[in-house]
Amino acid sequence: MPTGGQLVGEALAKEGVRVVFTLCGGHILPIYEGCLDHDIRVIDVRHEQTAAFAADGWARVTGDVGVAAVTAGPGVCNSLTAIVNARNSDSPVVVIGGQAETGRQDQGGLQETPHVRILEPVTKWAQSCAQAKRLPEFVSDAFRHASTPRTGPAFLEIPWDVLFDEVAAEGVDWKAASRSRTPVWAHPDEVRRAAEILAAAERPAVIAGTSLRWSTDPAGLRALADILHAPVYLNSLARGALPPDHPYFLALSRRKALEDADVVLDFGAPFDFRLGYGQAPAIAADARVIMADVAGDTIGHNRAVDVGLVGDVGIIARQLAASLKGLPVREPMAWLDRLRSIESAKRAKLDSEAGSDLRPVHALRLAREIDRFAGDDTIIVGDGGNIVAGGSKIIRAPWPGSWLDPGRFGCLGMGLPFALAAKLARPEKRVLAFLGDGAFGISGMEVDTLVRHGVPVVAVIGNDGAWAQIRGPQIGLYGETHAVATRLGEATRYDEMAKALGGHGEFVDDPGDIGSAIDRAFVSGKPAVVNVLVDPASNVGTGSYVM
């Protein structure tokens, strides 16, 4: 008779799971047996936060549900930050957590913790299963909640005795697939109203955010851009929805475009701190706003909208494109020329700084060298503060999922976990993690995970010896002598750490050596750390996140 753990493994296999990220614990050992029974790869990491981060990274790269299994108490609690990060990016993740024995709960069992009560506010669904025969049902429910709009993390708690319990096969209820993948279309009358507003706009601006990544048709945005002729700006997971050379894709003029637009079309980019909460001056007070999102909870939040479109945002973009074909669309050439002029001036300044040959390396020169590796065959993961904020203005994202960053939660330490998941999910791609030295320190021991599992990821560290995004404002507010808790070791040899763990490591302080060092890192076929000494003065105030 199968154990509860074997039922979990079979249920995961039926959901199409290929990899489970974990850190071992006695409460969840039977799950590993179930995974091995069904050829599900078990990737053990060095911290439970990494396991949940990696599940999130898997989801962002593949569009499918990522899975982590963590032990009770500290294991579940350690995964909490990564779960919240997934919730903030609508990332479909299932985290399975152990729990103390059912019959001993409330008596002080080992690592007993009220997981469900803790996780309910930050997940779409959090439940505990008390009967082994119902485990397939609960696993199915977790996946259904995680993968249906609005997507997000789900948590399933399973007490250890339920996982060890044996169940007669005939007593198990295997639920039929109950998830709908049918894309949702916006109401045609609302689409028509939005199209009429867009057709008459003199200064339209389009911005797309995370919801586009979870669309069944992200290419719909390109179809709209080709007929609307409006500037398009992409946040975070939407990056790559338009290729870098698309004539209507702009990046550096976003602030001015939103400040002066007469119509703003927003595809799933919430009016949070990144967009000035939707208020002037970040978005013009008299601008008409059209907002599309997969659910209605964000529409009208912080800013009233003229038209709200609920549905799959990629599909809505196609609906708008089709509706615009029957209307006389105004071509805002003067508006585009003005924004392209701003774009060109800012690009020229960035290019000048990125061409610096100074030593230590200018932060933007490092970004330029990394950009040389961007392309159809590479996934780049950004993890850090100023180093990634500046780099995001230079490093291209040619396709959806080719650039990964923390998102609006601003959670550091996800770089190596995301890179681990990306390489496992897309082994044919090169994976490069671009990290600040502070961010690397949060999950640096995962180099050991990469080595043990033979996952050849290249980590490029911009090492300026500080938490630069915080240190700069701190010095401005309180002065150098009161700048505490923001300094890191100078020229710390993270590359030697990688070599000690069995990987490849190189130290670089000359900008002319960066490209060849990264080349050698990839050629090594090992997990690698290229540790680049960055001039701190070049890495202060490079910009805020473009996410």
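Residues numbered from 1 in each chain as written. Predicted model: local features only at pLDDT ≥ 70, side-chain atom pairs only at ≥ 80, totals over all residues. Heavy atoms only, no water.

## Structural notes on unusual backbone geometry
- Cis rather than trans, the peptide bond between proline 149 and arginine 150 has omega equal to -15 degrees.
- Looking at where arginine 150 falls in the secondary structure, it is placed in the loop between helix H7 (135-147) and strand E6 (153-159).
- Residue proline 281 is bonded to the preceding alanine 280 through a cis peptide linkage, with omega at 5 degrees.
- With respect to the helices and strands, the residue proline 281 is situated in the loop between strand E9 (263-267) and strand E10 (288-293).
- Positive phi, close to 40 degrees, is recorded for serine 236, a residue that is not glycine.
- Position of serine 236 among the secondary structure elements: in the loop between strand E8 (232-234) and helix H11 (254-260).
- A relative accessible area of 1% places serine 236 in the buried class.
- In this model, tyrosine 277 sits at a positive phi of 60 degrees, which is unusual for a non-glycine residue. (Helix = DSSP H or I, 4+ residues; strand = E, 2+ residues; numbered from the N terminus. Buried < 20%, exposed > 50% of the residue type's maximum accessible area, 1.4 Å probe, protein only.)

## Observations concerning the pattern of salt bridges
- Taken as a whole, this structure holds 33 salt bridges when the rule is applied.
- Linking arginine 150 and aspartate 293 is a salt bridge whose minimum nitrogen-to-oxygen distance equals 3.2 Å. Separated by 143 residues along the polypeptide, arginine 150 in the loop between H7 and E6 and aspartate 293 in strand E10 bring together distant segments of the chain.
- Classification of aspartate 293 by relative accessible area gives buried; the value is 2%.
- Across the salt bridge formed by arginine 408 and aspartate 272, the nearest N and O atoms sit 3.5 Å from each other. Highlighted residues: arginine 408 in the loop between strand E13 (403-404) and helix H16 (415-425) and aspartate 272 in the loop between E9 and E10, separated in sequence by 136 residues.
- A relative accessible area of 31% means that arginine 408 is categorised as partly exposed. (Salt bridge = Lys/Arg side-chain N within 4 Å of Asp/Glu carboxyl O.)

## A short note on the nonpolar core
- Counting residues in hydrophobic clusters, the biggest one holds 53 residues, and the most contacted among them are Phe21 and Leu420.
- When residues no more than four places from it in sequence are discounted, the contact partners of phenylalanine 21 are Ile43, Ala51, Ala54, Ala55, Trp58, Val67, Ala68, Ala69, Leu420, Ala421 and Leu424.
- Core analysis: the next-biggest nonpolar cluster, separate from the first, contains 35 residues, Ala186, Val206, Leu224 and Val232 among them. (Core = buried A, V, L, I, M, F, W, Y, C linked by side-chain atoms within 4.5 Å. Contact = heavy atoms within 4.5 Å.)

## Notes on the packing of aromatic side chains
- This structure, assessed with the given rule, holds five aromatic pairs.
- Ring plane angle 80 degrees and centroid distance 6.3 Å describe the contact between phenylalanine 53 and phenylalanine 418, whose orientation is recorded as edge-to-face. Of the two residues, phenylalanine 53 sits in helix H3 (residues 48-62) while phenylalanine 418 sits in helix H16, which places them 365 residues apart along the sequence. Summarising the burial analysis for this pair, phenylalanine 53 and phenylalanine 418 share the class buried.
- Where phenylalanine 440 meets tyrosine 494, the ring centres are 5.3 Å apart and the plane angle is 70 degrees; that geometry is what we call edge-to-face. Here the residue phenylalanine 440 occupies a position in helix H17 (residues 437-443), and tyrosine 494 occupies one in helix H20 (residues 494-500), the gap between them amounting to 54 residues. Side by side, phenylalanine 440 and tyrosine 494 carry an identical accessibility label, which is buried. (Phe/Tyr/Trp six-rings, centres within 6.5 Å; stacked < 30°, edge-to-face > 60°.)

## Observations regarding the sheet that holds E13
- With parallel pairing, six strands are arranged side by side in an open sheet as E13-E12-E14-E15-E17-E16. With partners counted over all chains shown, the strands left at the sheet margins are E13 and strand E16 (504-508), one partner each.
- With six bridges connecting them, strand E15 (residues 458-463) and strand E17 (residues 528-533) associate as parallel partners. Paired with asparagine 463 across the strands is leucine 533, a residue of E17.
- Strand contacts of H16: strand E12 (378-383), E13, strand E14 (430-436) and E15, with the helix running at about 175 degrees to E14, the strand carrying the most contacts.
- In the packing of helix H21 (residues 514-524) onto the sheet, contacts are made with E14, E15, E16 and E17, and the angle to E16 comes to roughly 175 degrees. (Pairing = 2+ DSSP bridges. Axes fitted to C-alpha atoms, helices over the stretch in contact; angles between N-to-C directions.)

## Some words on the packing of helix H1 (residues 4-14) against helix H2 (residues 29-37)
- Two elements in contact, H1 and H2, have axes separated by 7 Å at closest approach and are oriented at 45 degrees. Put simply, H1 runs oblique to H2. The interaxial crossing formed by H1 with H2 has right-handed handedness. In this structure, H1 contributes Gly5, Gln6, Val8, Gly9 and Leu12 to the contact, and H2 contributes Pro30, Ile31, Gly34, Cys35 and Asp37.
- Looking at side-chain class alone, the contact of H1 with H2 contains five nonpolar, four polar and one charged residues. (Parallel < 35°, antiparallel > 145°, perpendicular 65-115°, else oblique. Left-handed = near helix turned anticlockwise from the far one by under 90°. Nonpolar A, V, L, I, M, F, W, Y, C, P; charged D, E, K, R; others polar.)

## Focus on the confidence of the model for the protein
- Of the residues in the protein, 98% reach a pLDDT of 70 or more, and the chain-wide mean stands at 94.
- Confidence over residues 542-547 falls short of pLDDT 50; this stretch has 26 contacts with residues more than four positions distant or in other chains. (pLDDT = per-residue confidence, 0-100.)

## Looking at the packing of H3 against H16
- At a minimum axis distance of 7 Å, the contact between H3 and H16 shows a crossing angle of 50 degrees. Comparing the axis directions of H3 and H16 gives the class oblique. Along this stretch, H3 crosses H16, giving a crossing that reads as right-handed. Contact residues: H3 offers Thr50, Phe53, Ala54, Asp56, Gly57, Trp58, Arg60, Val61 and Thr62, while H16 offers Pro417, Phe418, Leu420, Ala421, Ala422, Leu424 and Ala425.
- Residue classes in the contact of H3 with H16 are distributed as eleven nonpolar, three polar and two charged.

## Here's the deal with the pairing of E9
- Counted residue by residue, E9 has five buried out of five residues, so it is predominantly covered.
- By the bridge criterion, five bridges tie strand E7 (residues 204-208) to E9 in an arrangement that is parallel. Bridged to isoleucine 207 within E9 is aspartate 266.
- Alignment of E9 against E10, held across five bridges, turns out to be parallel. Counterpart to valine 263 in the pairing with E10 is arginine 288.

## Description of the side chain of glutamine 319
- Inspection of the secondary structure assignment puts glutamine 319 in helix H12 (residues 313-324).
- For glutamine 319, a relative accessible area of 12% gives the class buried.
- With residues up to four places along the chain from it excluded, the contact list for glutamine 319 reads Trp185, Ala186 and Val191.

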